[in-house]
Amino acid sequence: MKVSMFHLMPHRELPDDFERRYKSVWVDPPFPELADPDRIGQFYNWTLDELVHAARVGFDGICVNEHHQNAYGFMPGPNLMGSALARETNGMDVAIVQMGATLPTTQPPIRIAEEYAMLDCISGGRLIAGMPLGTAMDACQVYGITPVEQRERYYEAHDLILKAWQSQEMFAWNGKYTKLGKVNLWPRPVQKPHPPVWVPGTGSYSTWEFSAKNDHCYCFLSYFGAKAAEQTMAGFWRFVDQFGLKQNPYRAGFLQLVVVADSDAQAERDYARHCEYFYRKCMHIPLHYFGPPGHQDYRSLEKGIRSGLTLKIGQELEAAQQYSYRELVDKQFVIAGSPATVREQLIEACRNLHIGNLMVLLQIGSMPHDLTMRNIDLFAEQVLPHLRPLWDDEPWENEWWPERLRNKEKEQLS
Amino acid sequence: MTATAGVAERRVATLGGQVNPRVLVAGQGPPVVYLHGAMGLQWDPFLDALAQHNTVYAPEHPGTTPGDPDAIKAVDDLWDLVLHHYDLFDELDLDAPAVVGHSFGGMIGAEIAATNPERVNRLVLLCPVGLWRDDIPVAQFLQMTPQEVVEIAFADPQGELAQEFLRMPEDPEQMADALIAATWAQACTGKFMWPFPEKGLHKRLYRIRARTLIVWGEQDRLAPPAYAEEFASRIGGARVERIRDAAHLPQLEQTEQVARLVADFLAE
């Protein structure tokens, strides 16, 4: 099992009445009213410090992602963060997991091929290349991408990036959305034929199909936790089977919010308000923002509405905005408690979901720097070592992990 | 969309057979092509009224014909969409029909009339979108809830017509059908309006030679009525009619008055 620390880089100090005063945490919260650039600079540096610390204490990977005009996560240039992380972790056996630069909103998309190749060179072949479609908020509302074109743009950008990394010859790219006469990428990635590709998704069938066809790792990024993910991941594994692929747990990734303290009671004292802050303020997003017409292709739209899934996701989000810490923990939106509690629940969750690449969000909402560092330490010392061997007695290879880092524990042991 | 009595259906092939839209046809008299707005085609009382004096051809926008959602993929841009409409005219044996367009349909009608002025002999624009002024921005209605749209699109958001617009079928399957159809219609029309409907029409309007009538609801908050003059000032001889107690759907909010205005204009 590979375990990476995920960071969203949230605003940690939103006002108490934020969710009553403002329409949304995403797209329209006014920066000048809500934030001070000097203070935000501190948040960025804490974010980098926390991720580098996670690398030092033994996490397998460190993850950042891309959002725009979003007070719960504002790394509009994830590769800027990734660059600092790659440099700071030189010599460490940690993957730089970019989850990642958004394909349909980067024009021309070879910009991502170039930047990822730079990161792979700087890190010495430690890059995992996340290829997100982008949320409707980021891609359509903020970056002006026509919803019905978003997936087509994504597929085309993906094909171009993969070809640009691998082609031995200069080529012309005659795409629908990108036309380039002379593609001859400098630099090329260290990893051959290319860095592992992870595709983040929220349960849509089209994304499963895309990941399977291209043999990429599918990552279910949900804030609703392991229990709520069971149905989706069961659907994914059924799909993988029907597609004729093996049930290799490393083919899938999952994101889980986790907080660890010395005891369950201490966890509640330390983390309750930060978890509630996350769901009340950071998840304060009008439902219709998620699905402007055309953001889902026709098949996913139809499936979502007819199966009731679209309605269910909406109801879950609205309910989550009201949950108390205890409800969040009961429902496993957050896996919280003593090291023993967290170990037990996480191992069971990973087994149930059948996932080999776990991402844990350890800085949640308003969680201050010191507390985050403690959460990272406790997780690394008392949880992480117990998760690692999860799939060791099965014959799977993590084909979606940088090759140079794949067997680091085994090498260290021998 | 269900066809009512006296309304016939035709299927035509455009863009080399890649798009096969359904066209609803009714009435007798000089031909009128009706281009629907962002929500898709509904056969409504205004079209009934129009069909009393004209042969009405009401095509469905590419992708919105049931069973053919992927047709939208064949229409890459506005240029394809304009050509699609000339193909459609050819298929229907319409040399130079009158074109009546509502909202998004008005924008497309104007594009068709501007690109090849010989293909449109009269043009009626009902609250068209397509122009942009920073001081009176057109509402970004594709990014709003239906309730938010009703607040700005109807003169009386509490009235029966507005409430009817919001009402969903009670049968779960029919409700799903309606929701999917409405969402996909906005997806397919939205392809030419995202993030807001300004695609350079202002540069082309001068080419229109068809006699043009512009109809606007006085209380339109979706596309402010001041845009009537923006259109009129760019289209030679265009006439503007403002409708009281109407907003963005004047042909449904004041059907009798608008139908008479349009019928008289087309008969002139």
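Here is what the cut-offs are and how they apply
- Residues numbered from 1 in each chain as written.
- Chains lettered and ligands numbered in written order.
- Predicted model: local features only at pLDDT ≥ 70, side-chain atom pairs only at ≥ 80, totals over all residues.
- Helix = DSSP H or I, 4+ residues; strand = E, 2+ residues; numbered from the N terminus.
- Rg over C-alpha atoms; globule rule 2.2 N^0.38 Å.
- Contact = placed C-beta atoms within 7 Å.
- Buried ≥ 20, exposed ≤ 12 C-beta atoms within 10 Å, placed from the backbone.
- Nonpolar A, V, L, I, M, F, W, Y, C, P; charged D, E, K, R; others polar.
- Pairing = 2+ DSSP bridges.
- Core = buried A, V, L, I, M, F, W, Y, C linked by C-beta atoms within 7 Å.
- Axes fitted to C-alpha atoms, helices over the stretch in contact; angles between N-to-C directions.
- Parallel < 35°, antiparallel > 145°, perpendicular 65-115°, else oblique.
- Left-handed = near helix turned anticlockwise from the far one by under 90°.
- UniProt positions renumbered as here; feature names shortened; annotations may be inferred.

The name recorded for chain B in an unreviewed UniProt entry is Alpha/beta hydrolase, from Pseudonocardia asaccharolytica DSM 44247 = NBRC 16224.

Going by what an unreviewed UniProt entry lists, chain A is known as Monooxygenase and is assigned to Pseudonocardia asaccharolytica DSM 44247 = NBRC 16224.

What follows is about the overall build of chain B. Per the secondary structure count, chain B includes 9 helices and 8 strands. For 268 residues, the compact-globule formula gives about 18 Å, and the C-alpha radius of gyration of chain B, at 17 Å, lands near that figure. The principal-axis extent of the C-alpha atoms belonging to chain B is close to 45 × 40 × 35 Å. Considering only contacts within chain B whose residues lie at least 6 apart along the sequence, 71% involve residues at least 24 apart.

Along chain A, the regular secondary structure elements total 17 helices and 11 strands. In chain A, which comprises 414 residues, the share counted as buried stands at 50%. Counting contacts in chain A only where the partners sit at least 6 residues apart, residues at least 24 apart contribute 77% of the total.

Bringing the interface of chain A and chain B into the picture now. In this assembly, 16 residues from chain A lie in contact with 19 residues from chain B. In terms of residue count, helix α11 (residues 298-307) of chain A provides more of the side of chain A that touches chain B than any other element does, 5 residues in total. For the side of chain A that touches chain B, the per-class residue count stands at 7 nonpolar, 5 polar and 4 charged.

A few words on the pairing of strand β1 (residues 2-6) of chain A. Residue and element names in this part refer to chain A. Counting buried residues along β1, 5 of its 5 residues qualify, which places the element largely inside the surrounding structure. Alternating positions in β1 separate into two faces, K2, S4 and F6 on one and V3 and M5 on the other, with burial throughout. The sheet contact formed by β1 and strand β11 (residues 357-361) spans 5 bridges and is parallel. Across the sheet, the residue bridging to M5 is V360, located in β11. Here 3 bridges tie β1 to strand β2 (residues 61-64), and the two strands are oriented parallel to one another. Across the sheet, S4 pairs through a bridge with G61, a residue of β2.

With that settled, consider the nonpolar core. Counting residues in each nonpolar core, the largest one holds 117 residues, and the members touching the most others are M5, I62, F254, V258, V259, V360 and F379 of chain A. Not counting chain neighbours up to four residues away, the residues in contact with F379 of chain A comprise V258, V260, V360, L362 and L384 of chain A. Among the nonpolar cores identified, the runner-up in size contains 84 residues, and M107, A139, A187 and W216 of chain B belong to it.

Next up on the list: the packing of helix α3 (residues 37-56) of chain A against helix α15 (residues 369-382) of chain A. Residue and element names in this part refer to chain A. At a minimum axis separation of 10 Å, α3 and α15 run at an interaxial angle of 15°. Between α3 and α15, the crossing angle belongs to the class labelled roughly parallel. The handedness of the crossing between α3 and α15 is right-handed. Taken together, the residues of α15 that come into contact with α3 (itself represented by W46, E50, H53 and A54) are H369, T372, M373 and I376. Of the residues that constitute the contact of α3 with α15, the class distribution is 4 nonpolar, 3 polar and 1 charged.

The next thing to look at is unusual backbone geometry. Residue and element names in this part refer to chain A. Here M99 and G100 are connected by a cis peptide whose omega angle stands at 0°. Its location among the elements puts G100 in the loop between β3 (95-98) and α5 (110-123). Between K192 and P193 the backbone carries a cis peptide bond, its omega angle lying at 0°. Mapped onto the fold, P193 is located in the loop between β6 (179-183) and β7 (197-201). Its identity is not glycine, yet M9 carries a phi of approximately 60°, on the positive side. Residue position: M9 is located in the loop between β1 and α1 (18-21). By C-beta crowding, M9 is classed as buried, having 24 other C-beta atoms within 10 Å. Although it is not a glycine, Q332 sits at a positive phi angle of roughly 65°. Looking at where Q332 falls in the secondary structure, it is placed in the loop between α13 (325-330) and β10 (334-337).

This brings us to the environment of S103 of chain B. Residues and elements named next belong to chain B. Here S103 is to be found in the loop between β5 (98-102) and α3 (104-115). Considered as a pair, S103 and G37 are 66 residues apart in the sequence and their alpha carbons are 5.2 Å apart. Once residues within four sequence positions are removed from consideration, S103 is found in contact with G37, A38, C127, P128, V129 and H248.

What follows deals with the sheet that holds strand β4 (residues 55-59) of chain B. Residue and element names in this part refer to chain B. Spatially, β1-β2-β4-β3-β5-β6-β7-β8 is the arrangement adopted by the 8 strands of the open sheet, whose pairing is mixed. Of all strands in the sheet, those bounded by a partner on one side alone are β1 (8-11) and β8 (239-243). Strand-to-strand twist of the sheet, defined as the mean angle between neighbouring strand axes without regard to direction, takes the value 20°. Taken together, the 5 bridges between β5 and strand β6 (residues 122-126) define a ladder with parallel strand orientation. Paired with G101 across the two strands is L125, which belongs to β6. Strands β3 (31-35), β5 and β6 of the sheet are contacted by α3, whose axis makes an angle of about 145° with β5.

Turning our eyes to something else, we now look at the environment of Q345 of chain A. All names here are of chain A. Position of Q345 among the secondary structure elements: in helix α14 (residues 339-353). Judged by the 20 C-beta atoms lying within 10 Å of it, Q345 falls in the buried class. Leaving out residues up to four positions away in the same chain, Q345 has contacts with Q332 and I335.

According to UniProt, the "domain: AB hydrolase-1" (unreviewed entry) feature falls on residues 30-253 of chain B. For residues 30-253 of chain B, the helix share is 34%, the strand share is 14%, and the end-to-end C-alpha distance is 25 Å.

Residues and elements named next belong to chain A. Close contact between α5 and helix α7 (residues 150-166) brings their axes to 8 Å; oriented N to C, the two are set at 45°. It follows that α5 is oblique to α7 by the angle criterion. In the crossing of α5 with α7, the sense of the turn from one axis to the other is right-handed. Between α5 and α7, the contacting residues are I110, I112, A113 and A117 on the first element and L160, I161, A164 and W165 on the second. Its residues placed into classes, the contact of α5 with α7 shows 8 nonpolar, no polar and no charged.

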